Number of protein chains: 2
Amino acid sequence: MTDLDTLSVNTIRGLCMDAIQQANSGHPGTPMGMAPVAYALWQRFLRFDPAHPIWPNRDRFVLSEGHASALLWSLLHLTGVRAVDPDYEVLGRPAVALDDLKSFRQLDSHCPGHPEYRWTSGVEATTGPLGQGVATSVGMAIAGQWLAARYNREDFTLFDFDVYALAGDGCMMEGISAEAASLAGHLQLSNLCWIYDSNRVTIEGHTDITFTEDVAARFLAHGWNVTTVADANDLDQIGRAFHTFRAETERPTLVLVHSHIGYGSPVEDSPQAHGTPFGPEGVRATKQALGIPPEADFHIPDGVPDWFAQGIGARGAELRTAWEKRFDAYRSAHPALADELERIQRRELPDGWDTALPTFPADPKGLATRDSSGQVLNAVAEAIPWVLGGSADLAPSTKTRLTFGGAGDFQPDDRFGRNLHLGVREHGAAAVANGMALTKLRPYWSGFLIFSDYAKAAIRLSALMEIPTVHIFTHDSIGVGEDGPTHQPVEQLAGLRATPGLLVFRPADANEVVETWRVVAALRREPAALILSRQALPTLDRSRLGAASGVARGAYVLADVPSGEPEVILLATGSEVPLALAAHDELTGEGIASRVVSMPCWELFDRQPREYRAAVLPPTVTARVAVEGASTLGWDRYVGAGGAVVGMHTFGASAPLKQLLTKFGFTPERVSQVARELVEAMT
Amino acid sequence: MTDLDTLSVNTIRGLCMDAIQQANSGHPGTPMGMAPVAYALWQRFLRFDPAHPIWPNRDRFVLSEGHASALLWSLLHLTGVRAVDPDYEVLGRPAVALDDLKSFRQLDSHCPGHPEYRWTSGVEATTGPLGQGVATSVGMAIAGQWLAARYNREDFTLFDFDVYALAGDGCMMEGISAEAASLAGHLQLSNLCWIYDSNRVTIEGHTDITFTEDVAARFLAHGWNVTTVADANDLDQIGRAFHTFRAETERPTLVLVHSHIGYGSPVEDSPQAHGTPFGPEGVRATKQALGIPPEADFHIPDGVPDWFAQGIGARGAELRTAWEKRFDAYRSAHPALADELERIQRRELPDGWDTALPTFPADPKGLATRDSSGQVLNAVAEAIPWVLGGSADLAPSTKTRLTFGGAGDFQPDDRFGRNLHLGVREHGAAAVANGMALTKLRPYWSGFLIFSDYAKAAIRLSALMEIPTVHIFTHDSIGVGEDGPTHQPVEQLAGLRATPGLLVFRPADANEVVETWRVVAALRREPAALILSRQALPTLDRSRLGAASGVARGAYVLADVPSGEPEVILLATGSEVPLALAAHDELTGEGIASRVVSMPCWELFDRQPREYRAAVLPPTVTARVAVEGASTLGWDRYVGAGGAVVGMHTFGASAPLKQLLTKFGFTPERVSQVARELVEAMT
């Protein structure tokens, strides 16, 4: 350990303490304990160029214990990482200025409480909810392997990046990390390294009170390489651990670091160190103990920034510029592949990617939207080579398998494969998909809608990060039938619709599915949830109905009165649209003028100009009936005080679908009856 | 293996095949493979009396791979388990009649697609969503240990039951099972036995494609005893495994059974066997291969029911009647404890349990509802000795620790403890709480509201099972402040409110917290979610406002105009109620007549008679403003088309709370401005 090593490590610690103290809020424990490990990784190993933090072949560093954000902010500041704008242009200003550090956890600071992707460059993933970061890192490592398989050529190693994630005891306790570790071990992701900050202290006390398993043995059982660092302050040991990781070619690596939470402070090794500022006196005492000049806050000694510039800075610049030169040659040798890579980096699609999307002829028998979606997904993925994904062990049911020639399975012996077997691990699956999206691939994953509950925290993060992960959910209602209430979603749609920035689509037939995918595949910054039926739905006869392209506006008039205003509007989504159409026919037969509005995506409809919304749902028509096989929560926004909602008010039941439709009132008779009563009440 | 053993095992298999074939829907794979294991357990080991399936000291059997329900239905039928009514009276009719089996998966059959608690007696937990059953079983085992510690006396072993859970590869892959296994290992629950049906086949194929970890080694790392059954058809091996479990005194046991999915059928060992009926020919071929008379459907050979009666029936009756006799003597020796146990079994509370609930004096500074809830919870738990629970490593923040004398920690060396350290394992924590509730204790668990996402699937099951699990969630809005958007709930309230049967409470001050607990503690069949603030909220001056007892009606008038009807109604919950009151004062100052409605529980309000609802929200007053620091989804039901909602439309941000309130518009000025505009628009 040179003087500059020590000085740098303590500078990080000092900045963290000061930032947290200034905010009087934050988590000093891990930054103090793990500063040497983070320092060693960044300064000596990480292949990352602060001058170009989105260079595609950079090593990724994910701070899974996101509460230790001050550690990351200090590193980003000291290494001089530059900011990047939303269109992926590297800017002149730093990602984290000293003023940001000084305004840690204040409004508009680039140093928020937890790392936020897109808000501060150098943050590879939004973290904080424990376990998410490590699971996301698995998706990044998969993406790295896949990019290498697809784009590397002899003499052109474009992709060989590693993925590091720093995790605490909390990450290790969360089930999602077990799911992700099991998958990573199976997939032999040797480019993945989790660093386990084993300080054995959590908020309630020593881990002895609840977490006494043998983590190293567990990871060996998961198929991992495990190496231990006995002293988190020993840079040589830390270095050897990372060399061990780099030398490993068949397994992911867990570096188990015995560390001391709040190292050097009066509260070292105690739960108090976790999430409470040390206080002015504690900071002073800690600085004294560590040999940090106690009076100067936010002190950065001369020589430290230069030292980082000579380490990570010089190494990163050299690697990055060599890569760019290599890429220039690659562009000449392999122009089509280079073009793909450039599009990937800009989140653009191949020209004409949607020309081969199918259209479906009218068919009263029709097909399930999971089936039509499977067909469209295949067309999308064939046109966009970097669309890949998998299912949480339900591909034969969710119909998300890519079946065209060469799609293959992604496995240890086939890194070209585009079908992932994610296992019965929904939460991990969604986070893995997020990791792939953060690497700018276009991933999807699938499961039954009921199991979106398992994955919700990762779905939320896709929305918060503004990344276009595609969450595909089938078996979307009591349409599940015999499997019964444990498998019949009721409240899931409401929870997803309430999530800011998530586009939730529930298409009504095969052609709405096509239009849904046309919107979804082109998304650059928004995740989408596709809500699809298990049961067959008629392919609507568009010659007599509104065009399915209306999906792009969220809601559109599907069937209407010949002229004038309707007396009543029937709103529906997905499998209940044919029901609304049948009720419309009944009402028409009775001389009641009704309109049917298909409403596959509330979020897009809400973004339309007021004129369009008023044209679809004229304010003068207050007799409105919404029909959806789900909780009614939220529909009042569209049906208003005069309206009614035919929906689910209880859990479902186990029975063949037809019986369930009658039991729960999803029949044309009931819908038209409700509509009739509303019309009569008006007159 | 006697002839009757073989006959019984094959009778089970035949019934399962026939039921599934009759329904043309269901999962034959596991019943065929695991019938001998289930048979051996039930016939030779399970201490369960079919004549009294809710005898408190029965061994519990949880079918975690719930899709294998036909196996359970066959066992319940063959052993003659009797039905139990909702008030815990054992009935004369069987839980599963032959007609139920014949109408497997049909409406109103007591053999639904997955086991449903309370619908079919003998079902100890609703299962199907994978991993839930095993995690729930951990809560049952904890309850068993706790009941033994509290109620057993020298000469009176009232509780020594074991808990078995049958799990498949899917359960093992789900993260929740890793969380639960880690906790069970730590707690040294030697009364817990998981039987792992390792058939190595899932829906997408052989587990080789995604699940290659060493499960036995993983469980050893979790601190478990692991024993293996190499042949699922070898009753002696199976018996030795269960003896090994019974002999173990310090660890939970995993019995790893190498089994064959769809054993005996043409699709044995293939994914097809999992969830597809064999078809008439497949059934015939299988029956032939196994020596089951192929022509007679639902065939129960003479002698088989008697055989079960001599096995599990006789053993169970003897144990149960001996227990009842013992309990009679116990009642004489320990009348107070016996009275507790009888109340527990009937889900009744001690007389006068709520007399010691605190009341809080008006206080403009007030306290956080997490703090007042902590005080009330302690009063509740002190009055009701079987209230116990814990936190997912957040007790110091959620304030749910029981601190009165003797509360203690539940640990391997203290089974009396009432505080559980559940670890950073929210999903497992909620399922563990469900398991305790199924054992009729009154459990709670706590975490931050944002982490309800992690636990959602288990929260849902508490509602579906109609058990009174108490889910306590603090840090309920942007009130979280500096921790930022990763920790600030937005959509969680909507998702919880949309869940049928879950009561969601967001009390506004300390006295609403008291009234919330008064309702919640007395619930017998409904789970509740308590949504509590991190930040201090004023304790309202009730001398000038509506009484907090209005909580019991879900919503009530808190502040009103002196006489006549208001021009505008302000609706709010939790931390936004003081905001509404401030806006009310502003409006009053301007001569605008407003009413403030506190609305802590939508579900209870919706159940009130129309007259009450109309009195609180007069239909004539259409100018209504709802204020809540969450997604606006659902509020339109109460504010109507003429109303407005001040809520969250994006994720939050990291900053001190005051800055966030301004940024997101939660100020009295904004609320009164919105109200003013509505009133002006009306006139």
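Since the model is a prediction, treat every value here as computed from it, not as a measurement. (Residues numbered from 1 in each chain as written. Chains lettered and ligands numbered in written order. Predicted model: local features only at pLDDT ≥ 70, side-chain atom pairs only at ≥ 80, totals over all residues. Heavy atoms only, no water.)

Observations regarding the overall build of chain A
Reasoning step 1: A tally of helices and strands in chain A yields 25 helices and 22 strands.
Reasoning step 2: Its C-alpha radius of gyration of 27 Å places chain A within 12% of the 26 Å reference for a compact globule of 683 residues.
Reasoning step 3: C-alpha atoms of chain A, sized along the principal axes, occupy 90 × 60 × 45 Å.
Reasoning step 4: Taking as baseline every contact in chain A between residues at least 6 positions apart, the subset at least 24 positions apart corresponds to 76%.
Reasoning step 5: With an accessible surface of roughly 20,700 Å², chain A has 50% of that area assigned to carbon and sulfur atoms.
Reasoning step 6: Here chain A contributes 57 positive and 81 negative side-chain charges, whose respective centroids are spaced 3 Å apart. (Helix = DSSP H or I, 4+ residues; strand = E, 2+ residues; numbered from the N terminus. Rg over C-alpha atoms; globule rule 2.2 N^0.38 Å. Contact = heavy atoms within 4.5 Å. Areas by Shrake-Rupley, 256 points an atom, 1.4 Å probe, with all protein chains shown as cover. Lys, Arg positive; Asp, Glu negative; His and termini not counted. Charge placed at Lys NZ, Arg CZ, Asp CG, Glu CD.)

Comments concerning the sheet that holds strand 14 (residues 470–474) of chain B
Residue and element names in this part refer to chain B.
Reasoning step 1: Ordered in space as 12-11-13-14-16-15, the 6 strands form an open sheet in which the pairing is parallel. In the strand order of this sheet, the two ends are held by strand 12 (419–421) and strand 15 (503–505), each with one partner. Looking at each pair of strands side by side, their axes are set apart by 20° on average, direction ignored.
Reasoning step 2: With 4 bridges joining them, strand 14 and strand 16 (residues 528–531) adopt parallel strand pairing. Residue Val-470 lies in a different strand from strand 16, and its bridge partner there is Ala-528.
Reasoning step 3: Seen against the sheet, helix 14 (residues 369–383) touches strand 11 (387–391), strand 13 (442–448), strand 14 and strand 16 and runs at an angle of roughly 145° to strand 11. (Pairing = 2+ DSSP bridges. Axes fitted to C-alpha atoms, helices over the stretch in contact; angles between N-to-C directions.)

A few points about helix 20 (residues 577–589) of chain A
Residue and element names in this part refer to chain A.
Reasoning step 1: Taking 1.5 Å per residue, 13 residues should reach 18 Å; helix 20 reaches 18 Å between its end C-alpha atoms and fits that length.
Reasoning step 2: Among all positions of helix 20, only Val-577, Pro-578, Leu-579, Ala-580, Leu-581, Ala-583, His-584 and Leu-587 are buried.
Reasoning step 3: Packing partners of the buried residues in helix 20 comprise strand 17 (536–539), strand 18 (556–559), strand 19 (568–572), strand 20 (594–598), strand 21 (624–631) and helix 25 (668–682).
Reasoning step 4: Two residues or fewer past helix 20, Gly-591 is found with a positive phi of approximately 85°. (Expected span 1.5 Å × (residues − 1). Buried < 20%, exposed > 50% of the residue type's maximum accessible area, 1.4 Å probe, protein only.)

Concerning the pairing of strand 19 of chain A
All names here are of chain A.
Reasoning step 1: Burial within strand 19 is extensive, with 5 of its 5 residues counted as buried.
Reasoning step 2: A two-sided burial pattern is seen for strand 19, the buried positions comprising Val-568, Leu-570 and Ala-572 on one face and Ile-569 and Leu-571 on the other.
Reasoning step 3: Regarding the hand of the β-α-β motif, the stretch spanning strand 19, helix 20 and strand 20 is right-handed.
Reasoning step 4: Across 4 bridges, the pairing between strand 19 and strand 21 is parallel. Note on strand 21: the bridge partner recorded for Ala-572 is Val-627. (Right-handed = clockwise from strand over helix to strand, strands pointing away.)

A few points about the UniProt feature "domain: Transketolase-like pyrimidine-binding" (unreviewed entry) in chain A
Reasoning step 1: On the UniProt side, "domain: Transketolase-like pyrimidine-binding" (unreviewed entry) is annotated at positions that read residues 367–539 of chain A here.
Reasoning step 2: Helix makes up 37% of residues 367–539 of chain A and strand 19%, and the two end C-alpha atoms of the span are 7 Å apart. (UniProt positions renumbered as here; feature names shortened; annotations may be inferred.)

A look at helix 25 of chain A
Reasoning step 1: In this model, helix 25 of chain A (15 residues) spans 21 Å end to end at C-alpha, consistent with the 21 Å of a helix rising 1.5 Å per residue.
Reasoning step 2: Taken together, the buried positions of helix 25 of chain A are Val-671, Ser-672, Val-674, Ala-675, Arg-676, Leu-678 and Val-679 of chain A.

Examining the packing of helix 1 (residues 3–23) of chain A against helix 3 (residues 69–78) of chain A
Between two packed helices, what matters for the description is the angle formed by their axes and the separation of those axes.
Residue and element names in this part refer to chain A.
Reasoning step 1: Closest axis-to-axis distance for the helix 1/helix 3 pair is 9 Å, and the angle between their directions is 120°. With respect to each other, helix 1 and helix 3 are oriented oblique. Crossing angle aside, the handedness with which helix 1 passes helix 3 is right-handed. Facing helix 1, whose interface residues are Thr-11, Ile-12, Leu-15, Cys-16 and Ile-20, helix 3 presents Ala-70, Leu-71, Ser-74, Leu-75 and Leu-78.
Reasoning step 2: Tallied by class, residues from the contact of helix 1 with helix 3 come to 8 nonpolar, 2 polar and no charged. (Parallel < 35°, antiparallel > 145°, perpendicular 65-115°, else oblique. Left-handed = near helix turned anticlockwise from the far one by under 90°. Nonpolar A, V, L, I, M, F, W, Y, C, P; charged D, E, K, R; others polar.)

Overview of the layout of surface pockets
Reasoning step 1: Of the pockets and cavities examined, the second largest pocket occupies roughly 1,400 Å³.
Reasoning step 2: Lining the second largest pocket are 41 residues; nearest its centre among them are Asp-606, Arg-613, Arg-637 and Tyr-638 of chain A together with Asp-636 of chain B.
Reasoning step 3: Looking at the lining of the second largest pocket, the elements with two or more residues in it are helix 21 (602–606), helix 22 (610–616) and helix 23 (636–639) of chain A together with strand 22 (644–648) and helix 25 (668–682) of chain B.
Reasoning step 4: Residue composition of the lining of the second largest pocket, by class: 19 nonpolar, 11 polar and 11 charged. (1 Å grid on protein atoms, 1.4 Å probe; cavity = no way out; pocket = protein on both sides within 12 Å on 5 of 7 lines; lining within 4 Å. Points joined across faces, edges and corners; volume = space filled by probe spheres on them.)

Some points on the relation of the copies chain B and chain A
Reasoning step 1: Mapping chain B onto chain A calls for a screw motion: a turn of 180° about the axis and a shift of 0.0 Å along it, with 0.0 Å RMSD after fitting. Within this description, the copies of the chain are treated as partners about a two-fold rotation axis. (Least-squares fit on C-alpha atoms with pLDDT ≥ 70 in both.)

Some points on empty space enclosed by the protein
Reasoning step 1: Counting across every chain of the model gives 14 cavities of 30 Å³ or more.
Reasoning step 2: In terms of lining residues, the largest cavity is bounded by 14 residues, among which Asp-453, Lys-456 and Gly-495 of chain A together with Lys-456 and Gly-495 of chain B are the most central.
Reasoning step 3: Put simply, the parts of the chain that give the lining of the largest cavity at least two residues each are helix 17 (452–465) and helix 18 (492–497) of chain A together with helix 17 (452–465) and helix 18 (492–497) of chain B.
Reasoning step 4: Tallied by class, the residues present in the lining of the largest cavity amount to 2 nonpolar, 6 polar and 6 charged.
Reasoning step 5: What lines the second largest cavity is simply Glu-174, Gly-175, Ile-176, Glu-179, His-427 and Tyr-454 of chain A together with Glu-174, Gly-175, Ile-176, Glu-179, His-427 and Tyr-454 of chain B.
Reasoning step 6: At the level of elements, helix 7 (175–187) of chain A together with helix 7 (175–187) of chain B are the ones that each hand at least two residues to the lining of the second largest cavity.

Re the pairing of strand 5 (residues 192–198) of chain A
Residue and element names in this part refer to chain A.
Reasoning step 1: Among the 7 residues of strand 5, 7 are classified as buried, and the element is accordingly described as predominantly covered.
Reasoning step 2: Burial along strand 5 is two-sided: the face carrying Leu-192, Trp-194, Tyr-196 and Ser-198 and the face carrying Cys-193, Ile-195 and Asp-197 are both buried.
Reasoning step 3: Note: strand 4 (residues 163–168) against strand 5, 6 bridges, orientation parallel. Bridge pairing in strand 5 places Gly-168 opposite Asp-197.
Reasoning step 4: Looking at chain direction, strand 5 and strand 9 (residues 253–258) are connected through 6 bridges and run parallel. Residue pairing across strands places Cys-193 opposite Thr-253, the latter belonging to strand 9.

A look at the interface of chain B and chain A
How large an interface is tends to be reported as the accessible area lost when its parts come together.
Reasoning step 1: Contact with chain B, which involves 94 residues of that partner, is made by 94 residues of chain A.
Reasoning step 2: Of the roughly 7,800 Å² buried between chain B and chain A on both sides combined, carbon and sulfur atoms contribute 57%.
Reasoning step 3: Taken as a group, Glu-204, Tyr-454 and Arg-460 of chain B account for 10% of the area that chain B buries against chain A, more than any other trio of residues on that side.
Reasoning step 4: Inspection of the region where chain B meets chain A yields 10 salt bridges.
Reasoning step 5: Where Asp-453 of chain A meets Lys-456 of chain B, a salt bridge forms, and the shortest distance between an N and an O atom there is 3.1 Å.
Reasoning step 6: Our count for the chain B to chain A interface comes out at 58 residue pairs in polar contact (both at pLDDT 80 or more).
Reasoning step 7: Class assignment for the residues of the side of chain B that touches chain A results in 37 nonpolar, 36 polar and 21 charged. (Buried area = accessible area lost by both parts, 1.4 Å probe. Salt bridge = Lys/Arg side-chain N within 4 Å of Asp/Glu carboxyl O. Polar contact = N/O pair within 3.5 Å; in protein donor to acceptor, adjacent residues only side chain to side chain.)

Here's the deal with the pattern of salt bridges
All names here are of chain A.
Reasoning step 1: In the structure shown here, the tally under the stated rule is 74 salt bridges over all chains.
Reasoning step 2: In this structure, Lys-287 engages Asp-18 in a salt bridge whose closest nitrogen and oxygen atoms are separated by 2.7 Å. Of this pair, Lys-287 sits in helix 11 (residues 279–290) while Asp-18 sits in helix 1, placing them 269 residues apart in sequence.
Reasoning step 3: The partner of Arg-595 in a salt bridge is Asp-560, with the nearest N and O atoms 3.0 Å apart. Remark: Asp-560 occurs in the loop between strand 18 and strand 19 and Arg-595 occurs in strand 20; sequence separation between them is 35 residues.
Reasoning step 4: What makes Arg-595 buried here is its relative accessible area of 8%.

Digging into unusual backbone geometry
Reasoning step 1: Here the phi dihedral of Asp-393 of chain A falls at roughly 65°; this positive angle occurs in a residue that is not glycine.
Reasoning step 2: By secondary structure assignment, the location of Asp-393 of chain A is in the loop between strand 11 (387–391) and helix 15 (395–398).
Reasoning step 3: Here the phi dihedral of Arg-105 of chain B falls at roughly 70°; this positive angle occurs in a residue that is not glycine.
Reasoning step 4: Within the secondary structure layout, Arg-105 of chain B lies in the loop between helix 4 (98–102) and helix 5 (132–151).

Describing the sheet that holds strand 13 (residues 442–448) of chain A
Residues and elements named next belong to chain A.
Reasoning step 1: Taken together, the 6 strands give an open sheet; going across it, the order is 12-11-13-14-16-15, and neighbouring strands pair in parallel fashion. Strand pairing shows two members of the sheet lacking a second neighbour, strand 12 (419–421) and strand 15 (503–505), which therefore form its edges. Between one strand and the next, the sheet's axes are offset by a mean angle of 20°, whatever the strand orientation.
Reasoning step 2: Alignment of strand 11 against strand 13, held across 5 bridges, turns out to be parallel. Each residue of the ladder has a partner; that of Gly-389, found in strand 13, is Tyr-444.
Reasoning step 3: This element, helix 16 (residues 426–438), spans strand 11, strand 12, strand 13 and strand 14 (470–474) of the sheet and lies at about 165° to strand 13.

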